[in-house]
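# Analysis of the macromolecular model
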Amino acid sequence: MLKRIRCEDATMGMFVRGFEGKWLSHPFWKNHFLISSEEKLARVRTGQIAVIIDTSRGLDVAVPQGESAATKQMATKGRFGRADTTRAAELAQRCTGVVKTLFDDCRLGRTIDTAAILLMVDEISGELVHNMPAFLAVTRLKAKDEATYTHSVAVCALMISLAREMGVPPYEVRELGMAGLLHDIGKAIVSDDILHKPTPLTREEWAQIKRHPTFGYEMLSRTPGLPPVALDVCLHHHERLDGTGYPSSLIEADISRAVRMASVCDVYDAMTSIRSYKKGMSPLEAITAMDAVDGHFDRTILFRFMRNIGVYPAGKLVRLGGNRLAITLPPHPNGLGCVFRAFYSTTDTRFTRYEDIILAEHVSCDDAVAAEDPITWFHADWSTIGAAIMAGRRVDCNALFTRNLPPEIATAS
Ligand SMILES: [Fe+2]
């Protein structure tokens, strides 16, 4: 979608499709480009009138002009604004630069600077405490020649964030952040032509790519002072629980918790990445696709990941607030986040009047949302029951009769 915005409202990650005014007066010779650096951003903002952005290829404005009451409410409830985005983009850009140096060092056979890596992990970790949505948003954007480095920064951030969500002790969170940052270091010795190839890889090129975990493990093995988890994640982050991964086709019990976490973070970032030539999936599309695959990801960890980013596939059975079962609905039209339709009391073991609930952002209470297995609660076909509830029809499990029942709307915090 094309949008006209004031030049001073431009942010990192927007995709520019043109400028208003005489073309000679704007500071670029190209009209179509991703704002991928502070220098480009500064030049866009010096424009005289307005800039046209393409929101299908880059970031939208944080709070649209002519905002509705609902979006104003969203902004006050913790969504990020321009200042957050700018700060996050600056940090992401700096970290991407450090990772590039790290990869260059590996290519030249130099020793990896573990102190610099730790400093960066701590800085990302600190940023995520207050500014996680903005940081994750800016790291979705991958300039073509920096995609591998920005991906490493993004996976580092996702690992730290997921580890905190899972209640991992702080010293382990730091090690998992390092592991995320270094997981693809083996790509340092894969040709850029292969890494950045926009068309399908040949069999030989694919074989080359699949060697990067082993290359990386060998490099990290020669580096003193790295935690063992960084080596484990580097070597195994492409393994899958059903044995279809590589390089060792490991299965279930042979795959550590850290590796299970890394595979979720790695695939999610790869699916949602926005390139100048590729739109990338939305977070909801990526989570829905990952949840639909059997045997690749640890279900418990994937659910914790959903909780952490606040994105759930529609039709998922969850427990809310300890004693209510709910189903996730498709995204709310006002963009207020995930909506849960509560329909069953686990205390009374009976269906209840439907209530639609939007959890306030940053809910971290352990029992706010928990995964539930439909088989535990419903003998009848869950997909039929779930579809009826999502459509607003009351379900009686004994007779499976349905009748229309308008839901109540509530907001919980
Ligand atoms: Fe990888």
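Structural notes, computed from the coordinates. Note that the structure is a prediction, hence the values are computed from the model and not measured.

Two elements in contact, helix α11 (residues 257-272) and helix α13 (residues 299-309), have axes whose closest approach is 10 Å; the angle formed by their N-to-C orientations is 50°. One element, α11, and the other, α13, form an angle in the oblique class. Two packed elements cross with a definite hand, and for α11 against α13 that hand is right-handed. Residue-level contacts link Arg257, Arg260, Met261, Val264, Cys265 and Tyr268 of α11 to Ile301, Leu302, Phe305 and Ile309 of α13.

Attention now goes to the packing of helix α5 (residues 147-165) against α11. In contact at an axis separation of 9 Å, α5 and α11 are set at 130° when each is read in the N-to-C sense. In this view, α5 runs oblique relative to α11, as classed from their interaxial angle. When you trace α5 past α11, the crossing you get is right-handed. Between α5 and α11, the contacting residues are His151, Ala154, Val155, Leu158, Met159, Leu162 and Ala163 on the first element and Ala258, Met261, Ala262, Cys265, Asp266, Tyr268, Asp269 and Ala270 on the second. Each residue belonging to the contact of α5 with α11 can be placed in one class, and the counts come to 12 nonpolar, 1 polar and 2 charged.

Moving on, we come to the pattern of salt bridges. All chains considered together, the criterion is met by 20 salt bridges. Note that Arg87 and Glu127 form a salt bridge whose closest N and O atoms lie 3.2 Å from each other. Separated by 40 residues along the polypeptide, Arg87 in helix α3 (residues 82-107) and Glu127 in helix α4 (residues 114-139) bring together distant segments of the chain. On the basis of relative accessibility, which here comes to 38%, the residue Arg87 falls in the partly exposed class.

All right, on to the environment of Lys279 then. Counting through the fold element by element, Lys279 comes out in the loop between β6 (274-275) and α12 (283-292). Spatially, the C-alpha atoms of Lys279 and Arg57 are 5.3 Å apart, while their sequence positions differ by 222 residues.

This brings us to the packing of aromatic side chains. Throughout the structure, instances matching the rule amount to 10 aromatic pairs. Aromatic side chains Phe303 and Tyr312 sit 5.7 Å apart centroid to centroid with 55° between the ring planes, which places their arrangement in the tilted category. The same class applies to Phe303 as to Tyr312, namely buried. On the numbers, 5.9 Å between centres and 65° between planes, the contact of Tyr344 with Trp377 is edge-to-face. Pair noted here: Tyr344 is in strand β9 (residues 339-345) and Trp377 is in helix α14 (residues 374-377), with a separation of 33 residues, a long-range link. Accessibility expressed as a relative area gives 9% for Tyr344, which makes it buried. Under the relative-accessibility criterion, Trp377 is labelled partly exposed at 21%. In textbook terms, an aromatic cluster arises when at least three aromatic residues are bridged by ring pairs, as seen for Phe343, Tyr344, Phe351, Trp377 and Trp382.

What follows covers the coordination of the iron ion. Of the protein atoms, only Asp184 (OD), His212 (NE2), His237 (NE2) and His238 (NE2) coordinate the iron ion, at distances of 2.2 to 2.3 Å. With 4 donor atoms in place around the iron ion and angles of 84 to 173° between them, the coordination shape is irregular. By relative accessible area, Asp184 is classed as buried at 1%. The buried category is assigned to His237, whose relative accessible area is 0%.

Here is what the cut-offs are and how they apply
- Residues numbered from 1 in each chain as written.
- Predicted model: local features only at pLDDT ≥ 70, side-chain atom pairs only at ≥ 80, totals over all residues.
- Heavy atoms only, no water.
- Axes fitted to C-alpha atoms, helices over the stretch in contact; angles between N-to-C directions.
- Helix = DSSP H or I, 4+ residues; strand = E, 2+ residues; numbered from the N terminus.
- Parallel < 35°, antiparallel > 145°, perpendicular 65-115°, else oblique.
- Left-handed = near helix turned anticlockwise from the far one by under 90°.
- Contact = heavy atoms within 4.5 Å.
- Nonpolar A, V, L, I, M, F, W, Y, C, P; charged D, E, K, R; others polar.
- Salt bridge = Lys/Arg side-chain N within 4 Å of Asp/Glu carboxyl O.
- Buried < 20%, exposed > 50% of the residue type's maximum accessible area, 1.4 Å probe, protein only.
- Phe/Tyr/Trp six-rings, centres within 6.5 Å; stacked < 30°, edge-to-face > 60°.
- Donors = N, O, S within 2.8 Å, 3.2 Å for Na, K, Ca; no water.
- Tetrahedral: all angles 85-135°; square planar, octahedral: opposite > 155°, others 65-115°.

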